[in-house]
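This is what each chain is made of:
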Amino acid sequence: MSSDTRDQYDQVLFPNYSPLLIIPDRGEGARLWDTEGREYIDFAAGIAVSALGHAHPALIEALTKQAKKFWHVSNLMATAPAVELAQQLVDCTFAERVLFANSGAEANEGALKLARRYAVDHFGEQKNQIIAFDQAFHGRTFFTVSVGGQAKYSDGFGPKPGGITHLPFNDVAALKAAVSDQTCAVIMEPIQGEGGVNPASQDFVAAARSLCDEHHALLIFDEIQTGVMRTGSMYRYQALGVEPDILTTAKGLGGGFPIAAMLAKADVAKSLGVGTHGGTYAGNPMGCAVASEVLKIVDTDEMKSRVNEVSEQLRTGLEAINQEFKLFSDIRGFGLLIGCELKPEYHENARELVTLLMAEGLLALVAGPNVLRLAPPLILSDKDMKEGLAILRQAVSQFVA
Ligand SMILES: *Cc1c(COP(=O)(O)O)cnc(C)c1O
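What you are looking at is a predicted structure, and each value in this text was computed from that prediction instead of being measured.

Participant: A description of the pattern of salt bridges should follow, citing residues and the corresponding values.
Facilitator: If you walk through the whole model with that rule in mind, you get 18 salt bridges. Here K160 makes a salt bridge to D155, at a shortest N to O gap of 2.6 Å. Note on D155: relative accessible area 43%, which makes it partly exposed. Of the charged contacts in the structure, one is a salt bridge between E309 and R306, with a shortest N-O distance of 3.1 Å. Remark: R306 and E309 occur in helix 13 (residues 301-325); sequence separation between them is 3 residues, near one turn of the helix. Counted as one network, the salt bridges with shared partners bring together R31, E39, K383, D384 and E387.

Structure below.
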C-alpha cells in the first residue's frame, strides 16, 4: 500500500520535494508508525516543528475545542485566541507587538518589509541595504530566498530583489566593513539551521548589535528554527544576552499546526500602519489556540531543564559513538538542535547516513551535504533517547564499514 501511495505521489504532485519512501500512518510522542506497521523513533520532528511530539493530548484538546467554535473570520475581527497568544509572546520576550503569519517565510517577509519601511519612515529611501549571511536560510518566498545565503535556491527565477548584501557568517571584520548608514537591517539566524547547524559566536552577535545601533539599522533574528525552547532557552537571543529589534518565530510554535509570528517593540511595529501589510489567514484561531497551549507547556522551568538534560544525554551518546567510529569532525549546537559534521572522507554523504538510519528505525535530518542534524521532540523520554542512540550506533557501524 505504501509503495502505491508513493508511486501515485509522483503522478499527481509537483516534482520539487522527492519525499522518502515511507508513508506515515500515525504517531504518538516521539514515535511514528508507517502504513506497513514499522516503528520509527523521531529525531527529526518534521524539521524541528513537532516540539511536543505527535498527537499530544493537550494540543488535540486545544485544537478541537477551537474547531468546534469557529475556524476562521479573517483579520477583519479581533479574536481571543490571537490576543491570548500575542500576550504570551510579549510576556516571554523583549517584544511589545506581535504580527502573525502562516509560515516562517511569511514572517521573515514581513520582517524584511518592516525594516525597509521603518528606514523609509525615519531616514529616507536611500537607506535600504539588507545585510545577510552565506548559508543562511530564511524561507522560499522570492524576497526571503534572495536574502538567504544559497544562490542555488534563488537563481533561475528572473530578476532578484535588490539591495541585499551577503557576507561570511561569524566574520566580525567583514561585518564592520559592510555596515553603513545605508544599511536598514542585518538579518541572521543565531544558529544557522539548514546551513549546517552553525552557531553565531557571542562576539559576532554583539558586534552586529553595536553596529546596528551605531548606524540606526534594525537587527533581525530569524529564530524560526531556534525558538520555542528548541535550543534550551525560549529564544536563543536570551542565552546570548543580545536583543534583536525584530524576531521571527515559527516551526515549534504551532507544534505542527502552521503558524508563525514576527515580534518587535511598539516603536518599530508602528511602521506597519493600517493597510501596509497583512494576510487572510494570518493568526488563524485554531493555529493560535494550539500555539497558546504549546507555549503553556514549553515555557516552564521544568521544560527548560528537561531539554538541557536530554541535550546532555544526546551529546554524551554522540561523543561515545564518535569515539568508537571516528565519523564526525565536530558535534555542535545547543539544546535539541544538534549538528554532527562528517569528516572530510565522508563528505557529501549525510543523506546516505540518514537513509541508513531510517532503514534501522530512526528519523533524522541533514543540514547540507556534510552534516547530520538531530532535532527530536522536546518531550523525548529517556527510553526514546536510549533506543534512538542504539539505532544510531548500529547505522553508523554499517555506514563506516
Ligand atoms: C524553516 C525556516 C524558515 C522557513 O520557514 P517556512 O515555514 O518553511 O516558510 C525560515 N528560517 C529558518 C531559520 C528556518 O529554519
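We are not done yet, so read on.
Participant: Tell me about empty space enclosed by the protein, and name the residues and values.
Facilitator: A probe matching the size of a water molecule, rolled over the atoms, marks out where space remains unfilled. Taken as a whole and assessed by the stated rule, the structure comprises 1 cavity of 30 Å³ or more. Within this model, the largest cavity holds a volume of roughly 40 Å³. Taken together, A136, F137, H138, G139, T144, V145, G148, G149, Q150 and Y153 make up the lining of the largest cavity. Its residues assigned to classes, the lining of the largest cavity comprises 4 nonpolar, 6 polar and no charged.

Participant: Any chance you could break down the sheet that holds strand 15 (residues 362-363) for me, citing the residues and the numbers?
Facilitator: Judged by pairing direction, the sheet is mixed, and its 4 strands sit side by side in the order 1-2-3-15 without closing on themselves. Each end of this open sheet is capped by a strand with a single partner; those strands are strand 1 (24-28) and strand 15. In the sheet, strand 1 pairs with strand 2 (residues 31-34) via 4 bridges, with the strands oriented antiparallel. Looking at strand 2, one finds that G27 is bridged to L32. Sheet strands touched by helix 15 (residues 382-400): strand 2, strand 3 (39-42) and strand 15. Its angle to strand 3, the strand with the most contacts, is close to 105°.

Participant: Which residues make up the site of the ligand, and what values go with them?
Facilitator: Lining the immediate environment of the ligand, one finds S103, G104, A105, N108, F137, H138, G139, E189, D222, I224, Q225 and K251. Between an oxygen atom of the ligand and a side-chain N or O atom of Q225, the distance comes to 2.7 Å. Here K251 contributes a side-chain N or O atom positioned 2.6 Å from an oxygen atom of the ligand. Contact with the protein chains removes 81% of the 380 Å² of surface that the ligand exposes when unbound. For the shell around the ligand, the leading source of residues is helix 5 (residues 104-122), giving 3 residues. Taken together, the residues of the shell around the ligand sort by class into 3 nonpolar, 6 polar and 3 charged.

Participant: Describe the environment of S305, naming the residues involved and giving the relevant values.
Facilitator: Summarising the element assignment, S305 is placed in helix 13. A C-alpha to C-alpha distance of 45 Å links S305 and F157, two positions 148 residues apart in sequence.

Participant: How would you explain the sheet that holds strand 5 (residues 129-133) if you had to name every residue and give the values?
Facilitator: Spatially, 7 strands are ordered 4-12-11-10-7-5-6 in an open sheet, and the strand pairing comes out mixed. Every interior strand has two partners, whereas the edge strands, strand 4 (97-101) and strand 6 (164-167), have only one. In this sheet, neighbouring strand axes are inclined to one another by 20° on average, regardless of whether the strands run parallel or antiparallel. Where strand 4 and strand 12 (residues 260-264) come together, 5 bridges link them in antiparallel fashion. The partner of A101 across the bridge, within strand 12, is A260. With respect to the sheet, helix 9 (residues 202-214) is in contact with strand 5, strand 7 (183-188) and strand 10 (218-222), its orientation differing from that of strand 10 by roughly 145°.

Participant: Tell me about helix 12 (residues 285-298), residues and numbers included.
Facilitator: With 14 residues, helix 12 should cover 20 Å at 1.5 Å per step; its first-to-last C-alpha distance of 20 Å lies within 8% of that length. Within helix 12, 11 of the 14 residues are buried, which leaves it mostly tucked inside the rest of the structure. Residues of helix 12 that are buried include every one of P285, M286, G287, C288, A289, V290, A291, S292, V294, L295 and V298, and no others. Tucked into the core, helix 12 has its buried residues touching helix 3 (57-67), helix 4 (80-91), strand 4 and helix 13. Capping the start of helix 12 is the job of one residue whose side-chain oxygen sits 2.9 Å from the backbone nitrogen of M286: N284.

Participant: Could you give me a rundown of the packing of aromatic side chains, with the residues and numbers involved?
Facilitator: Inspection of every chain in the model, using the stated rule, returns 7 aromatic pairs. Measuring from ring centre to ring centre gives 5.5 Å for F94 and Y237, while their planes differ by 90°; the resulting arrangement is edge-to-face. Taken together, the positions of F94 in the loop between helix 4 and strand 4 and Y237 in helix 10 (residues 236-240) put the pair 143 residues apart, joining distant regions of the chain. Across the pair, exposure class does not vary: F94 and Y237 are buried alike. Measuring from ring centre to ring centre gives 5.9 Å for F133 and F169, while their planes differ by 65°; the resulting arrangement is edge-to-face. A residue pair is termed long-range when its members are at least 10 positions apart, and F133 in strand 5 and F169 in the loop between strand 6 and helix 8 (172-178) qualify at 36 residues. The pair formed by F133 and F169 is uniform in burial state, with each residue classed as buried. Aromatic rings pair up to connect F133, F169 and F204 into one cluster. If you follow R26 out to its NZ or CZ, it ends over the ring of W33, 4.2 Å from the centre.

Participant: So what about helix 4? Which residues, and what values?
Facilitator: For helix 4, which comprises 12 residues, the first-to-last C-alpha distance of 16 Å matches the rise-based estimate of 16 Å (1.5 Å per residue) to within 8%. Taken together, the buried positions of helix 4 are occupied by P81, A82, L85, A86, Q88 and L89. An end-on view of helix 4 places all buried positions within 160° of arc, on one side of the element. Seen from the buried face of helix 4, the exposed residues on the opposite side, beyond 90 degrees, are A80, V83 and D91. Contacts made by the buried residues of helix 4 are with helix 3, strand 4, strand 12 and helix 12.

About the criteria used
- Residues numbered from 1 in each chain as written.
- Predicted model: local features only at pLDDT ≥ 70, side-chain atom pairs only at ≥ 80, totals over all residues.
- Heavy atoms only, no water.
- Salt bridge = Lys/Arg side-chain N within 4 Å of Asp/Glu carboxyl O.
- Buried < 20%, exposed > 50% of the residue type's maximum accessible area, 1.4 Å probe, protein only.
- Helix = DSSP H or I, 4+ residues; strand = E, 2+ residues; numbered from the N terminus.
- 1 Å grid on protein atoms, 1.4 Å probe; cavity = no way out; pocket = protein on both sides within 12 Å on 5 of 7 lines; lining within 4 Å.
- Points joined across faces, edges and corners; volume = space filled by probe spheres on them.
- Nonpolar A, V, L, I, M, F, W, Y, C, P; charged D, E, K, R; others polar.
- Pairing = 2+ DSSP bridges.
- Contact = heavy atoms within 4.5 Å.
- Axes fitted to C-alpha atoms, helices over the stretch in contact; angles between N-to-C directions.
- Near = heavy atom within 4 Å.
- Polar contact = N/O pair within 3.5 Å; in protein donor to acceptor, adjacent residues only side chain to side chain.
- Areas by Shrake-Rupley, 256 points an atom, 1.4 Å probe, with all protein chains shown as cover.
- Expected span 1.5 Å × (residues − 1).
- Phe/Tyr/Trp six-rings, centres within 6.5 Å; stacked < 30°, edge-to-face > 60°.
- Lys NZ or Arg CZ within 6 Å of the ring centre and 35° of its normal.
- Arc of directions from axis to C-beta.

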